[in-house]
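Each chain, written out:
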Amino acid sequence: MVALLIALFATPALVGFWLLWTRTRQRNIEFIVPPGMPMRNLLRSMAGHTWGHVTDCNKATIIQNSAFFDALVEDIRRAKHHIHLETFLWEEGEVSQRFVEELRRRGQEGIEVRVLVDQRGSKDVAPKISRELRSAGCDFRVYHRARLREIAWYNNRDHRKIAVIDGRVGYTFGHGIADLWAGQGWRDTAARFEGPVVGELQAAFLDNWVSVTRTALIGDVYFPELPPAGATAVHVAHVAPPETASAVKRLYYLAIAAAQREIILQNPYFIPDKRAIELCERALRRGVEIKVMLPTSETSDFPIVQHASHHYYGPLLHAGARIFEYTRSGLHQKVLIIDREWSTIGSTNFDPRSFHINDEITVAMYDASIAEELVRAFEDDLQYTREWKVTDWDSRTIGHRARDWASTWLERQL
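Residues numbered from 1 in each chain as written. Predicted model: local features only at pLDDT ≥ 70, side-chain atom pairs only at ≥ 80, totals over all residues. Heavy atoms only, no water.

Assigned secondary structure in the protein consists of 14 helices and 17 strands. Buried positions account for 56% of the 414 residues belonging to the protein. For the protein, long-range pairs separated by at least 24 residues make up 82% of all intrachain contacts whose partners lie at least 6 apart in sequence. Roughly 17,700 Å² of accessible area belongs to the protein as shown, and the carbon and sulfur atoms make up 56% of that amount. (Helix = DSSP H or I, 4+ residues; strand = E, 2+ residues; numbered from the N terminus. Buried < 20%, exposed > 50% of the residue type's maximum accessible area, 1.4 Å probe, protein only. Contact = heavy atoms within 4.5 Å. Areas by Shrake-Rupley, 256 points an atom, 1.4 Å probe, with all protein chains shown as cover.)

Dropping the structure here:
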């Protein structure tokens, strides 16, 4: 009888574990880049291996911190046909109210407004926002609700951050719609785009919109012909097929493998796997300088992630990488800069959840002026950091080491 009861309780748990494991299982890929090949000659290969393509002649504008909210609101006010917004985190507060009011007003004026939020990231405010926006004619949807028929997919979260206005202006960003980013709040970075790449951002938004609504949006009004707007070559990575590395993971790892002089990474969550550490060690051996900037465990919203990061500092520090922790506030941008000529911005954290489980988006830009602008921002941030040295890592207390090691037990879900 006892054995039967144990079996009855254990079987659902084992089935749940199996479903989760099969959803996150991926085969490793070896990223081998021909020695000395310049980044400009790798753009189309990188795009092809991430199920995308390079679009030329775009205009990219970098927007720092809370100025992102002002820029997006201004574009919302100028919209003539539709506004599409997809985000993970939405919290009650002044920023939320500002966006709800603007979206309501545009919806009442006849503009098509579509908002897609993640259930877990927006569960506390979604019912209220839904009522307010739908009453104004806006279409508000929630990704992967906590429902029995979606239980196998519940752990797959929509972490993408996308905004598209009239199919002609697009954004990707790290921000949530929350007061954490207001004023002098969390450090974050966004990018605004005009030109052919906006069609790729629209396609990324519609990827999840169609999966939730089962309705495709058809017509040139959503995918207008987009003339050249600038000189930046761009490609978008967002595909996450089963059984192989996601587009965003491939993009990050290919970029590290391709670097010849310098790698700069700013990211709030950094849990490198064995392959990532090997790629960084190879880069360091061929003379590449690596600088990584993360939040501290005190300023992070998930201290357990930072302690898991600490566990992996050692191999990188001993190999010659430099690691900085930002002390001024939370640091949340997802910026990667390679050789001061190629860079990325988007929603993707450098961790197993972003690479294996979540839906993410990263936009890669080949433009030295954009890369240099991001480098200057990184260098300005350095004044608010403390640098970890090998001696700091080696001299951690037993308690600190234990907490770091224990935090890695959940690293696939962090």
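Next comes the rest of the write-up.
Once that is clear, we can look at unusual backbone geometry. Here Asp 166, not a glycine, exhibits a phi torsion of approximately 60°, which is positive. Here Asp 166 shows up in the loop between strand E6 (162-165) and strand E7 (169-173). Asp 166 sits in the buried class, given a relative accessible area of 13%. Even without a glycine there, the phi angle at Arg 214 is positive, about 60°. Along the chain, the position of Arg 214 falls in the loop between helix H7 (197-213) and strand E9 (232-237).

In this section: the nonpolar core. Counting 52 residues, the largest nonpolar core has Ile 263, Ile 290, Trp 342 and Phe 350 as its most contacted members. Counting residues per element, the ones that place at least two in this core are helix H2 (43-48), E9, helix H8 (247-258), strand E11 (262-266), helix H9 (274-285), strand E12 (289-295), helix H10 (303-319) and strand E14 (335-338). Among the elements that take part in this core, H8 stands out by supplying ten residues, more than any other. Ile 290 has contacts with Ile 263, Cys 280, Ala 283, Leu 284, Ala 321 and Arg 322, leaving out every residue within four places of it along the chain. By size, the runner-up hydrophobic cluster in this structure holds 38 residues, among which are Leu 72, Leu 89, Ala 163 and Ile 165. (Core = buried A, V, L, I, M, F, W, Y, C linked by side-chain atoms within 4.5 Å.)

Attention now goes to empty space enclosed by the protein. Applying the stated criterion to the full structure yields six cavities of 30 Å³ or more. Considering only enclosed or pocket space, the largest cavity measures out at about 110 Å³ in volume. If you go around the largest cavity, you meet 13 residues; those closest to its centre are Leu 265, Phe 270, Cys 280, Ile 290 and Val 292. Contributing elements (two or more residues each) for the lining of the largest cavity: E11, H9 and E12. Of the residues contributing to the lining of the largest cavity, the split by class is 13 nonpolar, no polar and no charged. Reported here for the second largest cavity is a volume of approximately 60 Å³. What lines the second largest cavity is simply Leu 43, Met 46, Val 54, Ala 233, Val 234, His 235, Trp 342, Ala 364, Met 365 and Tyr 366. Mapped by element, the contributors of at least two residues to the lining of the second largest cavity are H2, E9 and strand E16 (362-366). The residue inventory of the lining of the second largest cavity, partitioned by class, reads nine nonpolar, one polar and no charged. (1 Å grid on protein atoms, 1.4 Å probe; cavity = no way out; pocket = protein on both sides within 12 Å on 5 of 7 lines; lining within 4 Å. Points joined across faces, edges and corners; volume = space filled by probe spheres on them. Nonpolar A, V, L, I, M, F, W, Y, C, P; charged D, E, K, R; others polar.)

Here Arg 157 is to be found in the loop between strand E5 (139-143) and E6. At 3.0 Å, the side chain of Arg 157 forms a polar contact with the backbone oxygen of Tyr 143. (Polar contact = N/O pair within 3.5 Å; in protein donor to acceptor, adjacent residues only side chain to side chain.)

Our next topic: the pairing of E16. The buried count for E16 comes to four of five residues, which makes it a mostly enclosed element. Of the pairings in the sheet, the one linking E9 to E16 comprises five bridges and is antiparallel in character. Bridge pairing in E16 links Ala 237 to Thr 362. Direction of pairing for strand E15 (residues 342-346) relative to E16: antiparallel, over a ladder of five bridges. Each bridged residue has a counterpart across the sheet, and for Gly 346 the counterpart in E16 is Thr 362. (Pairing = 2+ DSSP bridges.)

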